[in-house]
Amino acid sequence: MGKNKIRRFEENLTFRHLFQQSFDELMAGFPLKGKWHKEYFGNDNPIVLELGCGKGEYTVGLAQRFPDKNFIGLDIKGSRMWVGCKQVEKSGLKNVAFIRTRISLIQHFFGKDEVSEIWLTFSDPQPRKSKEKKRLSSPQFLKRYSHFLRDDNTIHMKTDNRLLFDFTLDVIGKHGHEKGFVSFDVYGKGAPPEVMEIQTYYEEIWRKEGRMIHYLNFRMNKT
Ligand SMILES: C[S@@+](CC[C@H](N)C(=O)[O-])C[C@H]1O[C@@H](n2cnc3c(N)ncnc32)[C@H](O)[C@@H]1O
């Protein structure tokens, strides 16, 4: 492992806004589950997650734009999340946290009705049919989210990947979720400002290659 990565991992241990539990600790019960509002954020503002946040561009960018909401970025890669953690430390933002975890364990971190929105930003498309259920918008992952999402939820997806985008539209249609705004070309017209203004590390790479960026949002029907 490179020195830079080791330094980042060490510094990650010092951030009060980054949570990383061992599997055994998590199974014993995550202390903030069901208590994020009262014991971490100290307010009743809506909680918004970014799953597979990488460097946390949406977590930090949205937290700056929407001080009346709380934001939590989740990813398994600690050295990427260090970038967002460092920005939060420098800026003093109070409405942000990060969790280093596999997203398949997400239901252990949040209680019933604790979360209002989810952003899926340039998620791994898992293109092989046999890996479909590993896509973060698959029915299997949506079921995990249903344990802690409010009924009046919103799920956002931004991606360059047409296969993942079409798959998600298909899941929305087949499972009776409520489709909201859909754009196959975010920079073409009409997307909400934050969808155009905040660009992630991976988005910049794909845009330089000339790929079109897609965005959609929907409400998950939990019944
Ligand atoms: C293609 S990158 C996108 C990162 C960032 N959102 C961006 O747009 O730059 C996908 C990210 O999702 C994370 N990821 C993928 N599957 C995951 C899982 N099951 N649990 C936790 N993180 C995951 C990866 O570590 C990676 O940082």
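A short tour of the structure in this document, coming up. (Residues numbered from 1 in each chain as written. Predicted model: local features only at pLDDT ≥ 70, side-chain atom pairs only at ≥ 80, totals over all residues.)

**Quick word on the packing of helix α1 (residues 3-12) against helix α5 (residues 78-91)**
Axis separation between α1 and α5 bottoms out at 9 Å; the angle between their running directions is 60°. With respect to α5, the element α1 is oriented oblique. The two elements α1 and α5 cross, and the hand of that crossing is left-handed. Across from K5, R8, F9, E11 and N12 in α1, the residues of α5 making contact are G78, S79, W82 and C85. Broken down by class, the residue content of the contact of α1 with α5 amounts to 3 nonpolar, 3 polar and 3 charged. (Axes fitted to C-alpha atoms, helices over the stretch in contact; angles between N-to-C directions. Helix = DSSP H or I, 4+ residues; strand = E, 2+ residues; numbered from the N terminus. Parallel < 35°, antiparallel > 145°, perpendicular 65-115°, else oblique. Left-handed = near helix turned anticlockwise from the far one by under 90°. Contact = placed C-beta atoms within 7 Å. Nonpolar A, V, L, I, M, F, W, Y, C, P; charged D, E, K, R; others polar.)

**A few points about unusual backbone geometry**
Positive phi, normally seen in glycine, also occurs at D113, with a value near 60°. By the element assignment, D113 lies in the loop between β4 (96-100) and β5 (115-121). One non-glycine residue, Q126, lies in the positive phi region at around 45°. Looking at where Q126 falls in the secondary structure, it is placed in the loop between β5 and α6 (139-146). Residue classification places Q126 among the partly exposed residues on the basis of 18 C-beta atoms within 10 Å. (Buried ≥ 20, exposed ≤ 12 C-beta atoms within 10 Å, placed from the backbone.)

**Let's talk about the pairing of strand β2 (residues 47-51)**
The element β2 is extensively covered by neighbouring structure, given that 5 of its 5 residues are classed as buried. Burial of the side chains of β2 extends over both faces: I47, L49 and L51 are buried on one face and V48 and E50 on the other. For β2 and strand β3 (residues 70-75), the ladder comprises 5 bridges, and the chain directions are parallel. Along β3, the bridge assignment pairs L49 with I72. Regarding topology, helix α4 (residues 57-65) serves as the crossover connection from β2 to the parallel β3, and that connection is right-handed. In terms of strand pairing, β2 meets β5 through 4 bridges, oriented parallel. Opposite L49, over in β5, you have I118 as the bridge partner. (Pairing = 2+ DSSP bridges. Right-handed = clockwise from strand over helix to strand, strands pointing away.)

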